[in-house]
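Fold and contact review
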Amino acid sequence: MSIAVYPGSFDPITCGHLDIIRRGSKLFDEVIVAVLNNSSKNPLFSAKERVELIKKSTTDIPNCRIVFFDGLLVDFVEQQGAQVVIKGLRAISDFEYEFQMALLNKQLNHNIETFFMVTNAKYSYISSSIVKEVANLGGDFSELLPKEIYKDVKQKIEKGR
Ligand code: PNS
């Protein structure tokens, strides 16, 4: 059975993330979406909230599972019996960082492969940070994230104002 892990902060999940999950779920028997902490970021949504938002957005994808893990990515991948880490690439600027992470993860565990998927061009400009910035400034961000979570994100932003 081929199991892939798609890791990220997902603060919150965007249309670009969802597109990668959808396409990945057609290539692997199971895609585990791993909500992990990125030590260089201070998330707006709690881990529990981020997991719930992804669950709400993926109800129609039967072979994907959403899990929070607080530790090293490679440890999680091994624990789950997975062989592959999926990463989405939007631009060359993403590649530099992701290439470093892929080499690091390979050094930490030689059995795990990083599988790069190129973003759908129509989502290539979207990031969780951009969604939060537009939302914070009162702009229309409805096209940037899964429609199922628009209200939740709007509410959270309004609460924080
Ligand atoms: O969505 P992001 O913030 O770009 O995702 C980065 C993430 C969470 C995948 C990365 O920070 C990560 O793998 N964190 C887990 C801890 C770890 O394994 N760190 C070393 C390799 S980056």
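A few points on the structure. (Residues numbered from 1 in each chain as written. Predicted model: local features only at pLDDT ≥ 70, side-chain atom pairs only at ≥ 80, totals over all residues. Heavy atoms only, no water.)

**Remarks on the environment of Glu158**
- Along the polypeptide, Glu158 turns up in helix α6 (residues 150–160).
- Counting along the chain gives 87 residues from Glu158 to Gly71, while the straight-line C-alpha distance between them is 31 Å. (Helix = DSSP H or I, 4+ residues; strand = E, 2+ residues; numbered from the N terminus.)

**Regarding unusual backbone geometry**
- Cis peptide bonds are those with omega within 30 degrees of zero, and the linkage from Asp11 to Pro12 qualifies with 0°.
- You can see Pro12 is positioned in the loop between β1 (3–8) and α1 (15–27).
- Even without being a glycine, Phe10 presents a positive backbone phi close to 50°.
- Within the secondary structure, Phe10 sits in the loop between β1 and α1.
- Taking relative accessible area as the criterion, Phe10 reaches 2% and is therefore assigned buried. (Buried < 20%, exposed > 50% of the residue type's maximum accessible area, 1.4 Å probe, protein only.)

**Some details on the site of the ligand**
- Taken together, 14 residues sit near the ligand, with Ser9, Asn38, Lys41, Leu73 and Met101 positioned nearest.
- The separation between an oxygen atom of the ligand and a polar side-chain atom of Asn38 is 2.8 Å.
- Take Leu73: an N or O atom from its main chain is 2.7 Å from an oxygen atom of the ligand.
- The fraction of the free accessible surface of the ligand (520 Å²) that becomes covered by protein chains is 82%.
- Listed by contribution, the elements that provide at least two residues to the shell around the ligand are β1 and α4 (92–108). (Near = heavy atom within 4 Å. Polar contact = N/O pair within 3.5 Å; in protein donor to acceptor, adjacent residues only side chain to side chain. Areas by Shrake-Rupley, 256 points an atom, 1.4 Å probe, with all protein chains shown as cover.)

**Description of the pattern of salt bridges**
- Counted according to the given criterion, the structure contains eleven salt bridges.
- For Glu49, the salt bridge identified is with Lys156, shortest N-O distance 3.1 Å. Of this pair, Glu49 sits in helix α2 (residues 47–57) while Lys156 sits in helix α6, and the two are 107 residues apart along the sequence.
- A residue is classified by how much of its surface remains accessible, and Glu49, at 31% relative accessible area, is partly exposed.
- Put simply, Asp152 and Lys56 hold a salt bridge, and the shortest N to O gap is 2.8 Å. Pair noted here: Asp152 is in helix α6 and Lys56 is in helix α2, with a separation of 96 residues, a long-range link.
- For Asp152, a relative accessible area of 26% corresponds to the partly exposed category. (Salt bridge = Lys/Arg side-chain N within 4 Å of Asp/Glu carboxyl O.)

Remember that the coordinates give geometry; whether it matters functionally is a separate question.
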